[in-house]
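Results of the structural survey
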Amino acid sequence: MAYGLNIFKSDSSLVYSSNDVTWNQVDFFTVAGGGSASYTYPALSGREVLTAQLFINAPPTTSRALAHTITVVGTTVSVSGGSESTYILVLMR
Amino acid sequence: MSYGFLATNNSNQVLISSDTRNLHLVQKISSPTSITLSNGNYGGIRVLVYRATCNVTPVPFFTMPSTSDYYGCTRVNNVGGNQWDIEILKSGGAYDYPELYVFADARGSSPTDVYGMKIFRDDGTAAFDSRLSPLVVAGGLSVTHPSNPKPSFPYGLNAHNCESSEADSGGMLIPDQYNTYSVTLPYKPMFFFPSLAQAERESLFRAEDEACDGVYTKGNCIGFYRYYKWESTYWAFYRGGLRRGVNQVFAGWITASFGCNWTYYQDGGVLGIGTGSNSGSGGNGPYSNETLNLSAATVIIGDASRYD
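Every value quoted in this text rests on a predicted model; they were computed, and no experiment measured them. Think of each chain on its own: its residues are numbered from 1, step by step along the sequence as written. Going through the entries in the order they are written, you letter the chains from A and number the ligands from 1. Thresholds applied to this predicted model are a pLDDT of at least 70 for local features of residues and 80 or more for the giving and counting of side-chain atom pairs; totals over whole chains, interfaces and linings are not thresholded and use all residues.

Side note on the overall build of chain A
Starting at the N terminus, helices and strands are each numbered in turn, a helix being any DSSP run of H or I of at least four residues and a strand any DSSP run of E of at least two. On a plain count of helices and strands, chain A comes out with 0 helices and 8 strands. Helices and strands in chain A line up, N terminus first, as β-β-β-β-β-β-β-β. Here the globule rule reads 2.2 Å times residues to the power 0.38, and the radius of gyration is calculated from C-alpha atoms. Whereas a compact globule of 93 residues would reach a radius of gyration of roughly 12 Å, chain A reaches 18 Å, over 25% beyond that. For the exposure call, what matters is how many other C-beta atoms sit within 10 Å of a residue's own: 20 or more marks it buried, 12 or fewer exposed, and in between partly exposed, using C-beta atoms placed from the backbone. For chain A, the proportion of its 93 residues judged to be buried stands at 34%. Contact between residues is assigned whenever the C-beta positions, reconstructed from backbone atoms, fall within 7 Å. Relative to all contacts within chain A whose residues are 6 or more apart in sequence, the contacts with residues 24 or more apart total 58%.

Some remarks on the pairing of strand E8 (residues 86-92) of chain A
All names here are of chain A. Among the 7 residues in E8, 7 count as buried, and that is most of the element. The alternating pattern of E8 places Thr-86, Ile-88, Val-90 and Met-92 on one face and Tyr-87, Leu-89 and Leu-91 on the opposite face, and all of these are buried. Bridge analysis of strand E3 (residues 24-31) against E8 gives 7 bridges, and the strand direction is antiparallel. Considered in E8, the bridge of Asp-27 is made with Val-90. As judged from the 7 bridges shared by strand E5 (residues 49-55) and E8, these two strands associate in the antiparallel manner. If you follow Leu-54 over to E8, its bridge partner there is Tyr-87. When DSSP locates at least two bridges between a pair of strands, those strands are taken to pair.

Considerations on unusual backbone geometry
Residues and elements named next belong to chain B. A positive phi angle, close to 50 degrees, is found at Asn-161, a residue other than glycine. Tracing the backbone shows Asn-161 in the loop between strand E12 (137-143) and helix H1 (166-172). Among the residues examined, Asn-161 registers 17 C-beta atoms within 10 Å and is labelled partly exposed. Not every positive phi belongs to a glycine, and Cys-162 is a case in point at roughly 55 degrees. Topologically, Cys-162 is positioned in the loop between E12 and H1. Judged by C-beta crowding, with 21 C-beta atoms within 10 Å, Cys-162 ranks as buried.

Description of the domain arrangement of chain B
All names here are of chain B. Boundaries of every domain are those given by an automatic assignment or by a domain database. Annotation of chain B at the domain level lists domain 1 (6-141) and domain 2 (148-180 + 198-291). Averaged C-alpha coordinates put domain 1 and domain 2 at centres separated by 41 Å. Taken together, the 14 residues of domain 1 in the interface contact 19 residues of domain 2. Elements represented by at least two residues in the side of domain 1 that touches domain 2 include exactly strand E7 (71-80) and strand E8 (83-91). For this classification, Asp, Glu, Lys and Arg are treated as charged, while Ala, Val, Leu, Ile, Met, Phe, Trp, Tyr, Cys and Pro are nonpolar and the rest, including Gly, are polar. Residues belonging to the side of domain 1 that touches domain 2 are distributed by class as follows: 6 nonpolar, 6 polar and 2 charged.

Overview of the pairing of strand E5 (residues 45-53) of chain B
Residue and element names in this part refer to chain B. In this sheet, E5 lies alongside strand E4 (residues 34-39) in antiparallel orientation, the contact comprising 5 bridges. Counterpart to Ser-34 in the pairing with E5 is Val-49. Sheet analysis places E5 next to E8, joined by 9 bridges and oriented antiparallel. Each bridged residue has a counterpart across the sheet, and for Val-47 the counterpart in E8 is Leu-89.

Some details on the confidence of the model for chain B
One number per residue, pLDDT, summarises how confident the predictor is, and it ranges from 0 to 100. Predicted confidence across chain B gives a mean pLDDT of 93, with 99% of residues reaching 70 or more. Both confidence scores are given for the complex: pTM 0.92, ipTM 0.95.

Some words on the nonpolar core
Residues and elements named next belong to chain B. Core analysis: the biggest nonpolar cluster contains 88 residues, and Phe-103, Phe-191, Leu-242 and Val-299 have the highest contact counts within it. In terms of residue count, strand E17 (residues 248-270) provides more of this core than any other element does, 8 residues in total. Of the domains in this structure, domain 1 (6-141) and domain 2 (148-180 + 198-291) are the two that each give at least three residues to this core. Here Val-299 is in contact with Gly-140, Leu-141, Ser-142, Val-143, Phe-191, Phe-192, Phe-193, Leu-242 and Val-249, once residues within four sequence places are set aside. What makes a nonpolar core is a set of buried Ala, Val, Leu, Ile, Met, Phe, Trp, Tyr and Cys residues, with links drawn between C-beta atoms within 7 Å.

See below:
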């Protein structure tokens, strides 16, 4: 390579390079059912942001099981409106 | 940044930053630890649980061994200490199960190799550790699921006390709707896809009967009259799934639960004088007639062969 970054394993195989693409974890937190959260991350400034949500428990079939709504405004991630406890994953690149 | 470490790729996307945490492979799990539900009806249902060991919250990627079946990660649950149960819901009747690749930030595992590159955050914890294979993504997209998993039912079922067989009710309620997305898939694609979408579909079947122990005169029973009504509601509860093609993915539905509930009513009389009624009910019912959590779902795609 003429420029960039290559990182090798001890057996000389390439493990990571500047030709790669990834998503970096900014935070991973829990929001309870009926709860809300809002956090500001300076690291998100000027970056692509991706969020995801995972149920902690299987949603019941006998009642409404709402996931939370996640909004990203600037560097602030806000979560609210869900009836179930979930993990919130915040990624950037 | 005024201090720390930052590496970007040619698109100016962050590869490594001392302000964030790269995801690294913590564990590959080749087969489920347990199968909590297995049913060949309703399009096939397999609830697979993978027990992972990880010091922090895991980010699970799974393979899709079949191009006919839908898969989704339906929950991630800490069962104590660094033990996690990761649930994968799968459609279809095949017994070829996904491989699970558990990623987490560098605190998730403790490598023993002494060779590599490690980047620290300002709190002294690792942001990147090349001894743990860092996550490289091959693509990603947002998907939405059709609002109705099963718009029409192909045949009727028995209205009497939910007496249709599971094969018959399951055949009627197989989900058949999906949305198609074009995407370039790597050699051995693995998917991060938390399933949030839910839907329920049901169909009520009614039967009525009447009997007259006597004679009918001008439409009226002269004698002992009886009236019967049966109603059975067969239902299925679905969760959003993902299926892969050659260079496509399909956002469809997987049956996660099913059941039936019924009511019975009988009334009667003699010469127009009521002799009393009788009724009964049974079975179980779902929260019904609504599709939830249909907003766009995140899908991240990687090449699992890189971690084999």
